[in-house]
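Chain by chain, the residues run as shown.
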Amino acid sequence: MLANPIGLIVALLAGLVVAFVYLWNNVEGFRKFWINAWNKIKSAASTAKGAITKAFSRLGNLLNW
């Protein structure tokens, strides 16, 4: 069964999840890294949303919508 490519992928994903949970619960540096990474992603997404909103607003003003 594990020789099946799908079985290998499922086993690999399960192993990654187990490793992530173990590291999250036991290694503070690992947890801080992912929390900081997530905060940076949220900040970048917020900045991008603001820039896109501003660009479309300006475009609407140029086209007199």
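Here, the structure is the one placed above.
Every value quoted in this text rests on a predicted model; they were computed, and no experiment measured them.

## Points about the packing of aromatic side chains
Consideration 1: With the rule as written, the count across this model stands at five aromatic pairs.
Consideration 2: Ring geometry for Phe-30 versus Trp-34: centroids 6.2 Å apart, planes at 65°, classification edge-to-face. Of the two residues, Phe-30 and Trp-34 are both situated in helix α2 (residues 28-62); the distance of four residues between them amounts to about one turn of the helix.
Consideration 3: Exposure remark for Phe-30: the relative accessible area of 19% places this residue in the buried category.
Consideration 4: Exposure remark for Trp-34: the relative accessible area of 37% places this residue in the partly exposed category.
Consideration 5: Seen from their ring centres, Phe-33 and Trp-34 are 5.0 Å apart, and the 80° between their planes marks the pair as edge-to-face.
Consideration 6: Pairwise contacts between aromatic rings join Phe-20, Trp-24, Phe-30, Phe-33 and Trp-34 into one cluster.

Calculation rules
Residues numbered from 1 in each chain as written. Predicted model: local features only at pLDDT ≥ 70, side-chain atom pairs only at ≥ 80, totals over all residues. Heavy atoms only, no water. Phe/Tyr/Trp six-rings, centres within 6.5 Å; stacked < 30°, edge-to-face > 60°. Helix = DSSP H or I, 4+ residues; strand = E, 2+ residues; numbered from the N terminus. Buried < 20%, exposed > 50% of the residue type's maximum accessible area, 1.4 Å probe, protein only.

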